[in-house]
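Listed here are the chains, written in short residue letters.
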Amino acid sequence: MKIPKRLQPLVNAQMIEDVLGQLQSGKEAEVYIVQAEGRLCCAKIYKDAKNRSFKQKTQYTEGRKVRGSRRARAMESGSRYGREEREAEWQNTEVDALYHLAAAGVRVPQPLGYYEGVLLLQMITDAEGQPAPRLSDVELTPELARHYHSVLVRETVKMLCAGLIHGDLSEFNVLVSQDGLVIIDLPQAIQATANNAFGLFERDVDQLAAYFGRVAPEILDTRYAKEIWKHFENGRLKPDTPLTGQFQESGRKANVKAVLDEIEDAREDEMMRRGLRKKPDSNRE
């Protein structure tokens, strides 16, 4: 086939020997099957921001560490250079996450190199040596659904122990290989210390439960996200921490009226400070 323009520099650099065909075109990248060092691999070409349907939302970029204060200022400025740096950071997030998670024992494709906006990856195959299907394309039995759900919950624990959260985990971002499940697509991965980390972690875990719960309904009653996060917050979470899928909420009821009163008092104080309102003559009951 004709070599895509974005892959030509890798061919020139002898990182790729041949391009065999396109594997898929996703929301943030196109993936090609290539031959490198005598074996089949995947080449992931990231799409430009303007051509992606998956945008760099603040919920994913919050808390990311940027290398260098100049780059950080540029990325905030909105200049052309800043946009280029933000785009590079978006792509580098997946590269860094894959190397980090692979070293931590998480089931992700092994990264093989990154050059000119193209990520070379281990090709994940099925038992026949063909490209592995997505989880969404595999027919499930209740027993298989329970097994896969248990495996993926444990992988989210491993990721969290490694300090990362996938951020977009679903049946579309998991491959079923000859050796088991493999998690893919991590450009939106976030640090577990980000302010919105638990919300994205809970969504990942709940999306898995919703999918497998279609076949094994009892999974819908599990509460792994809050159970796992409680262990994480307390510093007790390990890759092999026993889990029950249950979580007991605190029995203490929140005093909603007191909270609303405090918010209103703060609002009135701010208005008085700005001279927009006079101090009230009587206290609120």
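Overview of the structure.

Reading guide: rules and limits
Residues numbered from 1 in each chain as written. Predicted model: local features only at pLDDT ≥ 70, side-chain atom pairs only at ≥ 80, totals over all residues. Heavy atoms only, no water. Salt bridge = Lys/Arg side-chain N within 4 Å of Asp/Glu carboxyl O. Helix = DSSP H or I, 4+ residues; strand = E, 2+ residues; numbered from the N terminus. Buried < 20%, exposed > 50% of the residue type's maximum accessible area, 1.4 Å probe, protein only. Polar contact = N/O pair within 3.5 Å; in protein donor to acceptor, adjacent residues only side chain to side chain. Axes fitted to C-alpha atoms, helices over the stretch in contact; angles between N-to-C directions. Parallel < 35°, antiparallel > 145°, perpendicular 65-115°, else oblique. Left-handed = near helix turned anticlockwise from the far one by under 90°. Contact = heavy atoms within 4.5 Å. Nonpolar A, V, L, I, M, F, W, Y, C, P; charged D, E, K, R; others polar. Core = buried A, V, L, I, M, F, W, Y, C linked by side-chain atoms within 4.5 Å.

## Looking at the pattern of salt bridges
- Summed over the entire model, instances satisfying the criterion amount to 5 salt bridges.
- A salt bridge links lysine 44 to glutamate 28; the nearest nitrogen and oxygen atoms lie 3.6 Å apart. With a gap of 16 residues between them, lysine 44 in strand E3 (residues 39-46) and glutamate 28 in the loop between strand E1 (18-25) and strand E2 (29-36) connect regions that are remote in the sequence.
- The class of lysine 44 is buried, set by a relative accessible area of 3%.
- With relative accessibility at 5%, the residue glutamate 28 sits in the buried group.
- Of the charged contacts, one joins glutamate 218 and arginine 146 as a salt bridge, the two residues approaching to 2.4 Å between their closest N and O atoms. You can see glutamate 218 sitting in the loop between helix H6 (197-212) and helix H7 (224-233) and its partner arginine 146 sitting in helix H5 (residues 142-161), a full 72 residues away along the chain.
- Through salt bridges that share partners, Glu28, Lys44, Glu94 and Asp185 make up one connected network.

## Remarks on the side chain of glutamine 188
- If you trace the backbone, glutamine 188 turns up in the loop between strand E8 (180-183) and strand E9 (190-191).
- Looking at glutamine 188, its side chain comes within polar contact range of the main-chain oxygen of histidine 166, at 3.1 Å.

## Quick notes on the packing of H5 against H7
- Viewed as axis vectors pointing N to C, H5 and H7 meet at an angle of 30°, and their least axial separation amounts to 11 Å. Considering their axes alone, H5 and H7 lie roughly parallel with respect to each other. Along this stretch, H5 crosses H7, giving a crossing that reads as right-handed. When H5 is examined against H7, the residues His149, Val153, Thr156, Val157 and Leu160 are found in contact with a partner set consisting of Tyr224, Ile228, Trp229 and Phe232.
- By residue class, the composition of the contact of H5 with H7 is 7 nonpolar, 2 polar and no charged.

## Considerations on the nonpolar core
- By size, the foremost hydrophobic cluster in this structure holds 35 residues, and its most contacted members are Leu101, Leu135, Leu152, Leu186 and Phe212.
- Mapped onto this core, the elements with two or more residues apiece are E2, E3, helix H4 (80-103), strand E5 (118-122), H5, strand E7 (174-177), E8 and H6.
- In contact with leucine 186, not counting residues within four places along its chain, are Thr93, Glu94, Ala97, Leu98, Leu101, Val108, Met159 and His166.
- Counting 16 residues, the second-largest nonpolar core is a separate cluster that includes Val153, Ile165, Ala192 and Tyr224.

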